[in-house]
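Structure assessment
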Amino acid sequence: MSGHGTPVPMTSRSCGPLRGTAHVPGDKSISHRSLILGALCVGETHIAGLLEGEDVIDTAKAMRAFGATVTDHGGGEWTVNGVGVGGFAEPDAVINCGNSGTGVRLIMGAMATSPITASFTGDASLNSRPMARVTVPLALFGTQAVGRQGRRLPMTIVGAADPVPVRYTVPVPSAQVKSAVLLAGLNAPGQTVVIEKEATRDHTERMLQGFGATVSVEETEEGRVITLTGQPELTPQNIVVPRDPSSAAFPVCAAIITPGSDVLVPNIGLNPTRAGLFTTLQEMGADLTFENMREEGGEPVADLRAKFSPDLKGIAVPPARAASMIDEYPVLSVVAAFAEGVTDMRGVKELRVKESDRIDAMAKGLRSAGVSVDEGPDWWKVTGLGHGNVPGGVTVASVLDHRIAMAFMVMGMATQKPMTVDDGSPIATSFPIFEGLMTALGAQIMHVNS
Ligand code: S3P
């Protein structure tokens, strides 16, 4: 359970070198999309390497509620027998998307142009997150939404019976919003156009093309213009999900800050819209190499090798890179604490509306562990103390956020005194094997009461 049950306090203490191979789970973004697009085709989609974290399992359950047959064959092999574009049935109960903003926003888009009504809820974190960013563009198709104050979940969406196509410029850099509009556009006649000023992860565009939709992408002065031709017949696919660069970030950063470490993280998806962290780490002086670069299933993939990096330097992370590493700032701020000098992160307002306010959560935890952090609405700066100098020795709040919990567990591997999170259970939303995988590399992570 992630944050719905008894909290699971976890402690991480300084450990010897991390060594070995870390097989991280499948990509979360691609896993959600595989299930949703599989549900929107007639016929059987095969998925290998699906992330079996709670977020994705909630999306699998949701697809069943909309009428698809979703089967778990074990070992990450799944099949989806879909109902076709426009074929969603009306669910007979409230859809619970747990902790997942991606799940709920993409599913709202996928059902928004079908003549059905569905109600959505989630955990305390998800129910506090803004949904207007999707309901506003969905209203342009003719979709109605009624939620709590501030357009928050629980929320009911009444799909447009007679949808019209939409042209929409996404006002915030968000792949979830872009994807919700494109998925809604699938069942609208004519062409739906989404314009993004800053490129965000492009898995939806790539996968829609893979499933046989006509999607064109043009770089213009207005931004990235994505045009989808509505009402296609999607064709079932065989999907091999690459391993998640956002999960790889944790063993990679742990190796970089833990003396003597040498860790190989194979088969990592290195789509340029996702790989900003690795460039940033290299600019900071991290010993990171990409081995065996190749292409798999339309996505660039490589094996990453990360070694202990004694001479890390703080840098200014270019704001233009933010979208390509948006989920990695929590763990980057941990690496920054072990670097010499200031790491300056700007253009990151979106961090305030993730599973938690991630600037606030990390700043509080880092400060209590002896690291100086300055922050503003859309920026923050961490002043590094250098290797061996970060005190630690505190319990910090994970605020229902998997990446906050994992970032502080990584931090404890190299602080002078252990780091404890009050609740490690949210880790199961995206990286259920985190503890076992890190322990096998040599980390010392313990449940406080065990
Ligand atoms: C995701 C998009 C990002 C990211 C999230 C996954 C996706 O969110 O933070 O973890 O799969 O589309 P935003 O679209 O809100 O930036």
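First, a word on scope: everything that follows refers to the structure included in this document. Note that the structure is a prediction, hence the values are computed from the model and not measured.

**Brief notes about the nonpolar core**
Membership of the largest hydrophobic core comes to 79 residues, with the highest contact counts inside it found for L281, Y329, L366, W380, M411 and M438. Among the elements that line this core, the one with the most residues is helix 7 (residues 245-257), at nine residues. Setting aside residues no more than four positions away along its own chain, L366 makes contact with S333, A337, V371, V373, W380, V382, F408 and M411. One finds A39, I107, A112 and Y168 within the second-largest nonpolar core, a separate group that totals 62 residues.

**Examining the pairing of strand 4 (residues 69-74)**
Where strand 4 and strand 5 (residues 77-83) come together, five bridges link them in antiparallel fashion. Note on strand 5: the bridge partner recorded for D72 is W78. Where strand 4 folds back onto strand 5 in an antiparallel hairpin, the turn is made up of two residues, including G75, whose phi is positive at roughly 60°.

**With respect to the site of the ligand**
The immediate surroundings of the ligand are formed by K28, S29, R33, T102, P173, S174, A175, Q176, R201, I326, D327 and K354. The side chain of R33 places a nitrogen or oxygen atom 2.7 Å from an oxygen atom of the ligand. Protein coverage of the free-state accessible area of the ligand, which is 380 Å², stands at 96%. Those elements that place two or more of their residues in the shell around the ligand are helix 1 (28-39) and helix 5 (175-185). No other element matches helix 1, which puts three residues into the shell around the ligand. Residues of the shell around the ligand, tallied by class, amount to three nonpolar, four polar and five charged.

**Comments concerning the sheet that holds strand 5**
Reading across from one edge, 4-5-3-14 is the order of the four strands in this open sheet, with mixed pairing throughout. If you trace the sheet from one side to the other, it starts and ends with strand 4 and strand 14 (238-240), each paired once. For this sheet, the mean inter-axis angle between neighbouring strands, taken without regard to orientation, is 15°. This element, helix 1, spans strand 3 (42-48), strand 4, strand 5 and strand 14 of the sheet and lies at about 35° to strand 5. Its contacts with the sheet place helix 2 (residues 54-65) against strand 4 and strand 5, and it is angled at close to 140° to strand 4.

**Regarding the state of the cysteines**
According to the stated counting rule, one finds zero disulfides in the structure shown. Left unpaired, C41 is separated from the closest cysteine sulfur, that of C97, by 20 Å. Looking at C41, the relative accessible area reads 0%, which means it is buried. Residue C97 is classed as buried on the basis of its relative accessible area of 1%.

What counts, and at which threshold
- Residues numbered from 1 in each chain as written.
- Predicted model: local features only at pLDDT ≥ 70, side-chain atom pairs only at ≥ 80, totals over all residues.
- Heavy atoms only, no water.
- Core = buried A, V, L, I, M, F, W, Y, C linked by side-chain atoms within 4.5 Å.
- Buried < 20%, exposed > 50% of the residue type's maximum accessible area, 1.4 Å probe, protein only.
- Helix = DSSP H or I, 4+ residues; strand = E, 2+ residues; numbered from the N terminus.
- Contact = heavy atoms within 4.5 Å.
- Pairing = 2+ DSSP bridges.
- Near = heavy atom within 4 Å.
- Polar contact = N/O pair within 3.5 Å; in protein donor to acceptor, adjacent residues only side chain to side chain.
- Areas by Shrake-Rupley, 256 points an atom, 1.4 Å probe, with all protein chains shown as cover.
- Nonpolar A, V, L, I, M, F, W, Y, C, P; charged D, E, K, R; others polar.
- Axes fitted to C-alpha atoms, helices over the stretch in contact; angles between N-to-C directions.
- Disulfide = S-S within 2.5 Å.

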